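Residues per chain, in single letters:
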Amino acid sequence: MVPSTGGYRLRTVVLDAGHGGKDRGCAGQSAREADVSLKIILELGQLIEENMPEVKVVYTRKTDEFVELADRAGIANKNNADLFISVHCNAGPSVAHGTEVWTMGPHKTEANLATAKRENAVILQEDNYKERYSGFDPRSPQSHILFSLYQSAHIDNSLRFAAKVDHEFRTSVGRTSRGVKQAGFLVLWKSTMPSVLIEAGFLTNPTEERYLNDKSGQSYMASGIYRAFRKYKQDLEASSAAD
């Protein structure tokens, strides 16, 4: 039960499965990003709902449907979410492997920019995207550079949660980690709460594709994110009660 007195309480989390519907995301030999991300998100949501009934879980999608990027953040904002978690899969050379946890911020390398450009390119499938995203062009490096200068008021807690997810992936889940990174992701841009984008692994790597396309691998990933969420919630509430 939620205590009736005390400080801050994390009450609502929005879970976002990347891509969906006409947007399949990246792909391996058989696995599709839209499908894998949804399975991980649904399992994560079930863990939170079963073990933390005081937390309201909201999904941007629970089926194979197309949801525009601005609408994903809009769902989080409308529900006054305390945290926004977006799950994706990566693409690259067949030898590329490992998890990445991203927050909003300036990209430090061309590789970081390339990841943001790939994930942001989905808006080309949306109608009137230039109007909806203030003239942003996902094909333009200049757009990403200007856009990534946007600094969220929630960057500290975004990084705090990202570090916990990365720690769980490296330790309890036993995954290779490519670290916590920053870049300008449209899906995080308009969210008014701490938010992260998780790249669960590379579907273009045959070994990682098998892992991510397997129910046990998806369960390991979901449980790692869940443990990070539980610790993040406990830390925030404890520090709030101590203030």
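Below is a summary of the structure that appears in this document. Predicted model only: the values in this text are computed from it and were never measured.

Remark: helix α6 (residues 155-170) packs on helix α9 (residues 215-242), axes separated minimally by 8 Å, with the N-to-C direction vectors making an angle of 140°. Classed by the angle they form, the pair α6 and α9 counts as oblique. Viewed along their axes, α6 and α9 form a crossing whose handedness is right-handed. Residues Asn157, Arg160, Phe161, Lys164, Val165, Glu168 and Phe169 of α6 form the contact with α9, whose own contacting residues are Met221, Gly224, Ile225, Arg227, Ala228, Phe229, Lys231, Tyr232, Asp235, Leu236 and Ser239. Classifying every residue of the contact of α6 with α9 by side-chain character gives nine nonpolar, three polar and six charged.

With that settled, the discussion passes to the pairing of strand β4 (residues 99-104). Burial runs high along β4: six of the six residues are buried. Looking at chain direction, β4 and strand β5 (residues 177-183) are connected through five bridges and run parallel. Note on β5: the bridge partner recorded for valine 101 is valine 180. Relative to strand β6 (residues 195-202), β4 runs antiparallel, the two sharing three bridges. Among the inter-strand pairings, valine 101 is bridged to a residue of β6, identified as isoleucine 198.

Now for the pattern of salt bridges. This structure, assessed with the given rule, holds 19 salt bridges. A salt bridge links aspartate 64 to arginine 24, with the shortest nitrogen-to-oxygen separation between them at 3.0 Å. You can see aspartate 64 sitting in the loop between β2 (56-59) and α2 (69-78) and its partner arginine 24 sitting in the loop between β1 (12-17) and α1 (33-51), a full 40 residues away along the chain. Note that glutamate 100 and arginine 178 form a salt bridge whose closest N and O atoms lie 2.7 Å from each other. One end of the pair, glutamate 100, is in strand β4; the other, arginine 178, is in strand β5, with 78 residues separating them in the sequence.

What follows is about the packing of aromatic side chains. Two numbers describe a pair of aromatic rings. These are the distance of the centres and the angle of the planes. Considering all chains together, one arrives at two aromatic pairs under this definition. Between phenylalanine 161 and tyrosine 232, the aromatic rings sit 5.3 Å apart at their centres with planes inclined by 65°, giving edge-to-face as the arrangement. Here tyrosine 232 lies in helix α9 and phenylalanine 161 lies in helix α6, a separation of 71 residues in the sequence. Neither residue differs from the other here; phenylalanine 161 and tyrosine 232 are each classed as buried. Geometry around phenylalanine 66 places lysine 22 over its ring, the cationic atom sitting 4.7 Å from the centre.

Another point: the side chain of serine 37. By the secondary structure assignment, serine 37 is in helix α1. For serine 37, a relative accessible area of 0% corresponds to the buried category. Setting aside anything within four residues of it in sequence, one finds serine 37 in contact with Ala17, Gly18, Arg61, Val87 and His88.

With respect to topology, six strands assemble into an open sheet ordered β2-β1-β3-β6-β4-β5, the strand pairing being mixed. The two strands at the open ends of the sheet, each matched to only one other strand, are β2 and β5. Neighbouring strand axes in the sheet, compared pairwise and without regard to direction, differ in orientation by 20° on average. Across six bridges, the pairing between strand β3 (residues 83-90) and β6 is parallel. By the bridge assignment, serine 86 is partnered in β6 with leucine 197. Along the sheet, α6 makes contact with β3, β4, β5 and β6, crossing β4 at roughly 175°.

Below, the discussion takes up the pairing of β2. Summarising the sheet, β1 and β2 pair through four bridges and their orientation is parallel. Residue pairing across strands places leucine 15 opposite tyrosine 59, the latter belonging to β2.

Here histidine 19, not a glycine, exhibits a phi torsion of approximately 65°, which is positive. Within the element layout of this structure, histidine 19 appears in the loop between β1 and α1. The exposure class of histidine 19 is buried, given its relative accessible area of 6%. Phi angles above zero are rare outside glycine, and asparagine 80 is one such case at about 50°. Position of asparagine 80 relative to the elements: it lies in the loop between α2 and β3.

Conventions used here
Residues numbered from 1 in each chain as written. Predicted model: local features only at pLDDT ≥ 70, side-chain atom pairs only at ≥ 80, totals over all residues. Heavy atoms only, no water. Axes fitted to C-alpha atoms, helices over the stretch in contact; angles between N-to-C directions. Helix = DSSP H or I, 4+ residues; strand = E, 2+ residues; numbered from the N terminus. Parallel < 35°, antiparallel > 145°, perpendicular 65-115°, else oblique. Left-handed = near helix turned anticlockwise from the far one by under 90°. Contact = heavy atoms within 4.5 Å. Nonpolar A, V, L, I, M, F, W, Y, C, P; charged D, E, K, R; others polar. Buried < 20%, exposed > 50% of the residue type's maximum accessible area, 1.4 Å probe, protein only. Pairing = 2+ DSSP bridges. Salt bridge = Lys/Arg side-chain N within 4 Å of Asp/Glu carboxyl O. Phe/Tyr/Trp six-rings, centres within 6.5 Å; stacked < 30°, edge-to-face > 60°. Lys NZ or Arg CZ within 6 Å of the ring centre and 35° of its normal.

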